[in-house]
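As a plain string of letters, each chain reads:
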Amino acid sequence: MEVDGDGFQLVSGKRCRHRCRSKQKTVTHSGQDNQSVENLSSALQYLVNSVDRLELDSSDFKRDFEVAAVKAGILKVRGDAKYDIDEEYCQLEAIVSYGIGNFSLCPIARYQMSFLTILCELLKVKESNCYLFDPLFTNLEREGVLRWGYQLINVNEEGKRLSKGGTLFYMPHCSKALYNNLLWANWDPSHLENTIVIGNSFNRISESIPERKFKNDFLYIFKAMKITQETTMANTFLHKDVFNNTSIHTFLHAHGAKSLPTELNDPLFWVKTEEPKYDDDDTEIITASNNCHNRGLNDIN
């Protein structure tokens, strides 16, 4: 396996375990002053919007994402042009980002943060309508996010945020529990049809878990498989462990078929059970009641 100087995998091989987030320790900053915040913000602004952004902008990955986004219906091209993106097309009101991780410490998280800036531009979502949360954010990272004009979610919602209007949830390498919680919170046709998820492939999740466990532990991902259109994002970025196993998921669309999924009109299908619960020692998710920051949101499976 070929590896570059930053520890990135350059040639696709065994499945990445997103090491830099699963192994990192929480960094706290006490006695910080305005100058340290300003320095961090300036440094990260340069890293995210100049170096990393340039690498993403010039990569095949960005163009391949645009193709996938057009196929998924969240971008539109002009006429019959393949790559001429209609910059006036906009159907989203907000982007919510969960689980990016420590972008000041981790190169993978930094690229994912940089791609968030690209998403905002491509999808015509203002920074003020882009909301971020990760329980691993340091105080300085939180300050940096605010100084860039983004919104911070100040409480651990455990992914249970209602989609109001068109909302894209950007959740790279997050846990199965977090996707399950998000679907539970929006388990109604009027919400799901306005929900888009960019994150781990639901198809890959379903293939990796025995069906009984899948249904018992992650009921809403299990049920959503029947109403989901999944569009794979080609993993053509130079560093293969940044956007691997990532897809665009939309819900309750005809996808070129003659009719919508039959489940749309099945009232039993839409019965909402009690809020999903997970053990406090579950390593896949940091719950609101668990303040231990030595565990990440990333799915290490």
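Predicted, not measured: the structure shown is a model, and the values here were computed from it.

Calculation rules
Residues numbered from 1 in each chain as written. Predicted model: local features only at pLDDT ≥ 70, side-chain atom pairs only at ≥ 80, totals over all residues. Heavy atoms only, no water. Phe/Tyr/Trp six-rings, centres within 6.5 Å; stacked < 30°, edge-to-face > 60°. Lys NZ or Arg CZ within 6 Å of the ring centre and 35° of its normal. Buried < 20%, exposed > 50% of the residue type's maximum accessible area, 1.4 Å probe, protein only. Helix = DSSP H or I, 4+ residues; strand = E, 2+ residues; numbered from the N terminus. Pairing = 2+ DSSP bridges. Right-handed = clockwise from strand over helix to strand, strands pointing away. Salt bridge = Lys/Arg side-chain N within 4 Å of Asp/Glu carboxyl O.

**A closer look at the packing of aromatic side chains**
Piece 1. Taken as a whole and assessed by the stated rule, the structure comprises 17 aromatic pairs.
Piece 2. Here F269 and W270 contribute two aromatic rings whose centre-to-centre distance is 5.1 Å and whose plane-to-plane angle is 90 degrees, an arrangement assigned as edge-to-face.
Piece 3. Among the aromatic side chains, those forming a connected cluster through ring pairs are F61, F65, Y111, F115, Y170, F237 and F243.
Piece 4. Directly above the aromatic system of Y131 lies the positively charged group of R161, at a separation of 5.2 Å from the ring centroid.
Piece 5. A cation over an aromatic ring shows up here: K272 above the ring of W184, its NZ or CZ 4.3 Å from the ring centre.

**Remarks on the pairing of strand β1 (residues 94-98)**
Piece 1. In terms of burial, β1 is largely enclosed, as 5 of its 5 residues are buried.
Piece 2. Side chains A94, V96 and Y98 project from β1 onto one buried face, and the interleaved I95 and S97 project onto a second face that is buried too.
Piece 3. Relative to strand β4 (residues 167-171), β1 is paired through 4 bridges, and the arrangement is parallel. What sits directly across from V96, in β4, is F169.
Piece 4. Of the strand pairs in this sheet, β1 and strand β2 (residues 130-133) are connected by 4 bridges, and their pairing is parallel. Its bridge partner lying in β2, V96 is registered against Y131.
Piece 5. In this fold, β1 hands off to helix α4 (residues 107-122), which returns the chain to β2; that crossover is right-handed.

**Concerning unusual backbone geometry**
Piece 1. Of note in this structure, E158 is not a glycine but carries a positive phi near 55 degrees.
Piece 2. Mapping E158 onto the fold places it in the loop between β3 (151-152) and β4.

**Some details on the pattern of salt bridges**
Piece 1. Inspection of the entire model under this criterion finds 5 salt bridges.
Piece 2. A salt bridge links K62 to D57, with the shortest nitrogen-to-oxygen separation between them at 3.0 Å.
Piece 3. When the shortest N-O distance is used, the salt bridge between D217 and K213 registers 2.6 Å. Of this pair, D217 and K213 both sit in helix α9 (residues 211-217), 4 residues apart, roughly one helical turn.
Piece 4. You can call D217 partly exposed: its relative accessible area is 33%.
Piece 5. According to the relative accessible area criterion, K213 is partly exposed, its value standing at 44%.
Piece 6. A single salt-bridge network, built from bridges that share partners, covers E158, K160 and E275.

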